[in-house]
Amino acid sequence: MTKYIRKSSSVDVMLLAEGTYPYIGGGVSSWIAQILEGMKDIRFGICFLGSVESDYGGLKYELPDNLVHLEVHYLFEENTPEVKRIKGDEKAFETIENLYASFKDKSIEIPKEIKNIDFYLQDMTFEDFLYSKKSWEFINKIYFKNAPDVSFIDYFWTLRDIHKPVWTLAKIVKHFPDMKILHAPSTGYAGFLGALASYDRDTGLVLTEHGIYTRERKIDMLSAEWIDFKKPALLKQPEEFNYIKKMWIEFFRIIGEFAYEKADIILSLYPEAQNIQIALGADARKTRVLPNGVDVDAIQAVMKEKQKDQKPVISLIGRVVSIKDIKTFIRAMRITVNQIPDVEAWIVGPTDEDKEYFTECEHMIESLGLTNNMRFLGFRNIKEILPHSTLLTLTSISEGMPLVILEGFAAGIPCVATDVGSCKNLIEGGLNDEDRELGLAGAITSIANPGELAKHYIRFLTDEEARKKAGDIALRRVEKYYSQEIFLKEYHEIYMNLINKKESL
């Protein structure tokens, strides 16, 4: 089912938002909001891709006037058509066999039919995939070839669940408005949709990766408890040999490569991420690093509200989900409170994405006797939080370039973060020698190390001179390298170059 919040027959840039703006706050959603607000001369459309409607609440952002089109789709809503006998198109399944061969042998090109939405809408329809005799024969064939030790029931339903969204995405492309270019802020389903639409409409595709989607989904899948796998008795390491989880991971790797192949430009936020993209199959000539930026003047203005002699507050701004490792933050706070009894910890971000994890965190706070020190504030405007924050922290096990660190830097607040994504580059300076010479704007710790985190929390909260020095370095770093002006100018140029290229054809 397609829901239109706003509808237009044409847009300049179609943004493909998977699980982000405008229904989820913070992170990539804030980045999208920044682009929309910063480029008033461009008419944007957004295609939101969610899981099921019940996973999301209302809009988290006020929609700007230049967002002229917003359509919403849920990829995992139950929409199974009526069961019927179908023979299936032999040629279409030969194409699928060739596609699988290309996964195994990189010298074999992906069949050109896969790049055409008519293949999914005419040659091999959703009903063909679900019910045809050819489909059953194909699934049996690859099952006995690839995973005969795995439960066939698990294999069959996993294969169906993984591929079902592909037909929804093809239908989305068919009904898209006219557009000049596409921009996918990730690979995954958004990147696959962008590539399909780019082939279909012959438009340019910009691909930006904030984290590395393929790697993040791998972390999600390896820790997923919802994937019920009947491990063969002789296998001793269930996660490593969990074929069902491997099927999901491999699917995301393949559709990531599909997006890399079609994208005109592939952006990352820091050099290490660019290297990972290349290792995962991106053409190095298409890749480029373009960091995020923040409005330093706007954040400095709200810091005038900061009051003297306020309680020490450590703020973690992020979603309450396992990849943010909130539980390690809670453990670190137990150690910190032992030394500084009046310290407060604010966890600022949506709590409804993983309700079970949120409940576990609440129970942990209670069991560790931290109910008077730790608070969940939900999604809030960061400008309300920064004037009350003494120190920022991130305890994530995976990140891209966290915008919240840059926003904290613009407020002159140092950060203690785990060594993931670009956190080390931001805190220690990683762009060049001049950046490094500015000094440390906080501290970096290893992942899942509450003792190391607490040591730095205590140091910055008890040593005002060290905290002020790190805060001054943070402000100088963001002013010099991560301003919103630079960020918006670079993206605007990328958009206009691709738009002009299309209009000149």
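Residues numbered from 1 in each chain as written. Predicted model: local features only at pLDDT ≥ 70, side-chain atom pairs only at ≥ 80, totals over all residues. Heavy atoms only, no water.

### Thoughts on unusual backbone geometry
Cut-off, in case you're wondering: Helix numbers and strand numbers start at the N terminus; a helix is a DSSP run of H or I with at least 4 residues, a strand a run of E with at least 2.
With omega at 0°, the peptide bond leading from tyrosine 21 into proline 22 counts as cis. You can see proline 22 is positioned in the loop between β2 (10–18) and α1 (27–38). Even without a glycine there, the phi angle at aspartate 202 is positive, about 55°. Mapped onto the fold, aspartate 202 is located in the loop between α7 (188–201) and β6 (204–209).

### Brief notes about the pattern of salt bridges
This is how it is decided: Every case where a carboxyl oxygen of Asp or Glu lies within 4 Å of a side-chain nitrogen of Lys or Arg is listed as a salt bridge. Relative accessibility under 20% of the residue-type maximum defines a buried residue, over 50% an exposed one, and the middle range a partly exposed one, all with a 1.4 Å probe and only protein chains included.
Per the stated rule, a full pass over the model turns up 21 salt bridges. Lysine 115 is paired through a salt bridge with glutamate 261; the nearest N and O atoms lie 3.1 Å apart. With a gap of 146 residues between them, lysine 115 in the loop between α2 (90–104) and α3 (117–123) and glutamate 261 in helix α9 (residues 243–262) connect regions that are remote in the sequence. Taking the relative accessible area as the measure of exposure, lysine 115 reaches 19% and is therefore buried. By relative accessible area, which is 40% here, glutamate 261 ends up partly exposed. Between aspartate 472 and lysine 468 there is a salt bridge, and its shortest N-O distance comes to 3.1 Å. You can see aspartate 472 and its partner lysine 468 sitting in helix α19 (residues 464–481), 4 residues apart, about one turn around the helix. A single salt-bridge network, built from bridges that share partners, covers Glu250, Arg253 and Glu257.

### Quick look at the side chain of glutamine 277
What counts here: Contact definition: two residues touch when any of their heavy atoms are within 4.5 Å.
Looking at the element boundaries, glutamine 277 is found in helix α10 (residues 271–279). Its relative accessible area of 0% is what places glutamine 277 among the buried residues. When near neighbours in sequence (up to four residues on either side) are disregarded, glutamine 277 contacts Glu209, Ile212, Tyr260, Ile266, Leu267, Ser268, Ala282 and Thr287.

### Examining the sheet that holds strand β14 (residues 442–445)
Applied cut-off: A pair of strands counts as paired when DSSP detects no fewer than two bridges linking them. Angular values range over 0 to 180 degrees, each being the angle between N-to-C directions of two axes fitted as lines to C-alpha atoms, with helices fitted over their stretch in contact.
The strand order β11-β10-β9-β12-β13-β14 describes an open sheet built from 6 strands, whose pairing is parallel. Looking at strand neighbours, the two that pair on one side only are β11 (374–376) and β14, the edges of this open sheet. Each adjacent strand pair in this sheet contributes to an overall mean axis angle of 20°, direction not counted. In this structure, strand β13 (residues 415–418) lies alongside β14, joined through 4 bridges in parallel fashion. Bridge pairing links alanine 417 to isoleucine 444 in β14. Contacts from helix α18 (residues 450–462) reach β9 (313–317), β12 (391–394), β13 and β14 within the one sheet, and its direction differs from that of β14 by about 170°.

### Topic: the environment of tryptophan 157
Take tryptophan 157: it is sitting in helix α6 (residues 152–174). Overall, the relative accessible area of 45% leaves tryptophan 157 in the partly exposed class. As for tryptophan 157 and isoleucine 244, which are separated by 87 residues in sequence, their C-alpha atoms are 10.0 Å apart.

### Digging into the nonpolar core
The nonpolar side chains of soluble globular proteins are, as a tendency, buried together. The cut-off we apply is this: Nonpolar cores were defined as sets of buried Ala, Val, Leu, Ile, Met, Phe, Trp, Tyr and Cys residues, with membership established by side-chain atoms within 4.5 Å.
Counting residues in hydrophobic clusters, the biggest one holds 62 residues, and the most contacted among them are Leu16, Leu49, Tyr120, Phe176, Tyr189 and Leu193. The element that contributes the greatest number of residues to this core is α6, accounting for 10 residues.

### Observations regarding the packing of aromatic side chains
Applicable threshold: The criterion for an aromatic pair is that two Phe, Tyr or Trp rings (for Trp, the six-membered ring) have centres within 6.5 Å, with stacked assigned to planes under 30 degrees apart, edge-to-face to planes over 60 apart and tilted to the rest. Here, a charge over a ring is recorded when the distance from Lys NZ or Arg CZ to the ring centre is within 6 Å and its angle to the ring normal is within 35 degrees.
Across all of its chains, the model carries 35 aromatic pairs by this definition. Each ring, one from phenylalanine 48 and one from tyrosine 56, has its centre 5.3 Å from the other, and the planes form 90°; the classification is edge-to-face. Note on phenylalanine 48: relative accessible area 0%, which makes it buried. Ring centres of tyrosine 491 and tyrosine 495 lie 6.3 Å apart, and the angle between their planes is 50°; this geometry places the pair in the tilted category. Of this pair, tyrosine 491 and tyrosine 495 both sit in helix α20 (residues 484–503), 4 residues apart, roughly one helical turn. Overall, the relative accessible area of 0% leaves tyrosine 491 in the buried class. An aromatic cluster is present here, built from Trp136, Tyr143, Phe144, Phe152, Tyr155, Phe156 and Trp157 joined pairwise through their rings. Taking NZ or CZ as reference, lysine 7 lies 4.3 Å from the ring centre of tyrosine 4, over its face. Above the plane of the ring of phenylalanine 460 lies arginine 459, whose end atom (NZ or CZ) is 4.3 Å from the centre.

### As for the packing of helix α12 (residues 326–339) against α18
To be explicit about the condition: An angle below 35 degrees is read as roughly parallel, one above 145 as roughly antiparallel, one from 65 to 115 as roughly perpendicular, and any other as oblique. By the definition used in this description, the sense in which the near helix is turned from the far one sets the handedness, with an anticlockwise turn below a right angle giving left-handed and a clockwise turn giving right-handed. Charged means Asp, Glu, Lys or Arg here, nonpolar means Ala, Val, Leu, Ile, Met, Phe, Trp, Tyr, Cys or Pro, and polar covers whatever is left, Gly included.
At a closest axis distance of 8 Å, the pairing of α12 and α18 adopts a crossing angle of 45°. Taken together, α12 and α18 sit at an angle that is classed as oblique. In the crossing of α12 with α18, the sense of the turn from one axis to the other is right-handed. Side by side, α12 and α18 meet where Thr328, Phe329, Arg331, Ala332, Met333, Ile335, Thr336 and Gln339 of the first sit next to Pro450, Gly451, Leu453, Ala454, Tyr457 and Ile458 of the second. The residue makeup of the contact of α12 with α18, split by class, is 9 nonpolar, 4 polar and 1 charged.

### What about α6?
The α-helix winds at 3.6 residues per turn, so residues separated by three or four positions along the chain end up facing the same way. Inclusion rule: In this scheme, a helix's expected span is set at 1.5 Å multiplied by one less than its residue total. Take the seven residues that end at a residue and the seven that start at it, fit an axis to each, and the angle between those axes is the bend at that residue. In the analysis that follows, any N or O atom pair within 3.5 Å is treated as a polar contact, provided that within protein one partner can donate a hydrogen and the other can accept it, and provided that, for residues neighboring in sequence, both atoms belong to side chains.
Given a rise of 1.5 Å per residue, 23 residues ought to cover 33 Å, and the 34 Å separating the end C-alpha atoms of α6 matches this to within 8%. Maximum bend of α6: about 25°, positioned at isoleucine 162, with proline proline 165 one to four residues after it. For α6, the N-terminal cap is serine 151; the gap from its side-chain oxygen to the backbone nitrogen of isoleucine 153 is 3.3 Å.

### Quick notes on the packing of α18 against α19
Helix packing for two helices is described by the angle between their axes and how far apart those axes are. The geometry of α18 relative to α19 is characterised by a closest axis approach of 5 Å and an angle of 100° between their N-to-C directions. When the axis of α18 is compared with that of α19, the two are roughly perpendicular. Only Glu464, Ala466, Arg467 and Ala470 of α19 make contact with α18, whose side of the interface consists of Phe460, Leu461 and Thr462. When the residues that make up the contact of α18 with α19 are grouped by side-chain class, the tally is 4 nonpolar, 1 polar and 2 charged.

### As for the state of the cysteines
To keep it simple, the criterion reads: Any cysteine sulfur atom paired with another within 2.5 Å is treated as part of a disulfide.
Considering all chains together, one arrives at 0 disulfides under this definition. No disulfide involves cysteine 361; its sulfur sits 18 Å from that of cysteine 415, the nearest cysteine.

### A closer look at the sheet that holds β6
The strand order across the open sheet formed by 8 strands is β1-β4-β3-β2-β5-β6-β7-β8, and the pairing between neighbours is mixed. Bordering the open sheet on either side are β1 (3–6) and β8 (287–289), each of which pairs with just one other strand. Neighbour to neighbour, the strand axes of the sheet diverge by 25° on average, direction disregarded. Examined bridge by bridge, strand β3 (residues 44–50) and strand β4 (residues 67–74) share 7 bridges and lie parallel to one another. Looking at β4, one finds that isoleucine 46 is bridged to leucine 70. Here α7 sits on the sheet and contacts β2, β3, β5 (178–184) and β6; the angle it forms with β5, its principal contact strand, is near 150°. Strands β6 and β7 (265–268) of the sheet are contacted by α9, whose axis makes an angle of about 130° with β6.

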